[in-house]
Amino acid sequence: MPQARAKTAFTADSYLAWEERNPSKHEYLAGEIFAMVGATDAHVTIMGNLFTLLRAHVRGRPCRVYMADMKLRVDTADAFFYPDLLVTCAPEDHVSSPRFKRQPTLLVEVLSATTAAFDRGQKFAIYRQLPSLREYVLIEQDRMSVECFRRDERDRWVLQAYGPGDQVELSSLEFGTTIEALYEDVTLPAIPDEPWRLPEENTD
């Protein structure tokens, strides 16, 4: 989630006009704006890997892939967000506003310590208001972990988790890849070994 909150209340139109003149990116939620913070090397690399894979996969199909700089409009929440990755297959999105999209099929967020709670909670609640959305994906940047929330035929969201050695499936786009391909060139922190201890002495 954006980090700095502005004190001045905005409308959606005034936010768009203001951000057009602003060199930095801001998200908008119900009259408030929030400054976006920079991403880590791992964050950018993971998104670059996924973008490259998905862009090649949807080539020739009526779907387009956007990374980081495309806004998403959620009218029911009076919100504009910058998803880390957005895929839309809606013809209306291809010919409407060049500054934002409204009908995503897939949304992806890379988690960080400062954004994880919001991405899992309020942001996901807002994203679920989008009728077009079929999958919402959360990717950890400091360990090999992917969570995919899928909307089923009963409009329920079902979680599928992936870890090392797994094939990550995005059914909304009929796409699959190894999880290792998503983390290519990412240096993950070492997991500390469990401290070695002598067995406790039995004093009974």
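Our structure is the block above this text.
One structure accompanies this document, and this report is about it. (Residues numbered from 1 in each chain as written. Predicted model: local features only at pLDDT ≥ 70, side-chain atom pairs only at ≥ 80, totals over all residues. Heavy atoms only, no water.)

### Observations regarding empty space enclosed by the protein
Within the structure shown, the criterion is met by one cavity of 30 Å³ or more. The computed volume of the largest cavity comes to approximately 50 Å³. Taken together, Leu50, Val108, Val137, Val146, Val168, Leu170, Phe175, Thr177 and Leu182 make up the lining of the largest cavity. Grouping the constituent residues of the lining of the largest cavity by class yields eight nonpolar, one polar and no charged. (1 Å grid on protein atoms, 1.4 Å probe; cavity = no way out; pocket = protein on both sides within 12 Å on 5 of 7 lines; lining within 4 Å. Points joined across faces, edges and corners; volume = space filled by probe spheres on them. Nonpolar A, V, L, I, M, F, W, Y, C, P; charged D, E, K, R; others polar.)

### Comments concerning the sheet that holds strand E12 (residues 157-162)
Spatially, E4-E7-E9-E10-E11-E12 is the arrangement adopted by the six strands of the open sheet, whose pairing is mixed. The sheet is open, and its two edges are formed by strand E4 (64-67) and E12, each paired on a single side. Each adjacent strand pair in this sheet contributes to an overall mean axis angle of 15°, direction not counted. Note: strand E11 (residues 146-151) against E12, six bridges, orientation antiparallel. Across the sheet, Cys148 pairs through a bridge with Gln160, a residue of E12. (Pairing = 2+ DSSP bridges. Helix = DSSP H or I, 4+ residues; strand = E, 2+ residues; numbered from the N terminus. Axes fitted to C-alpha atoms, helices over the stretch in contact; angles between N-to-C directions.)

### Digging into the pairing of strand E5 (residues 71-74)
Side-chain alternation along E5 places Lys71 and Arg73 on one buried face and Leu72 and Val74 on a second face that is also buried. Sheet analysis places E5 next to strand E6 (residues 79-81), joined by three bridges and oriented antiparallel. Paired with Arg73 across the bridge in E6 is Phe80. Between E5 and E6, which pair antiparallel one after the other, the connecting turn spans four residues, and Asp78 there sits at a positive phi close to 50°. (Buried < 20%, exposed > 50% of the residue type's maximum accessible area, 1.4 Å probe, protein only.)

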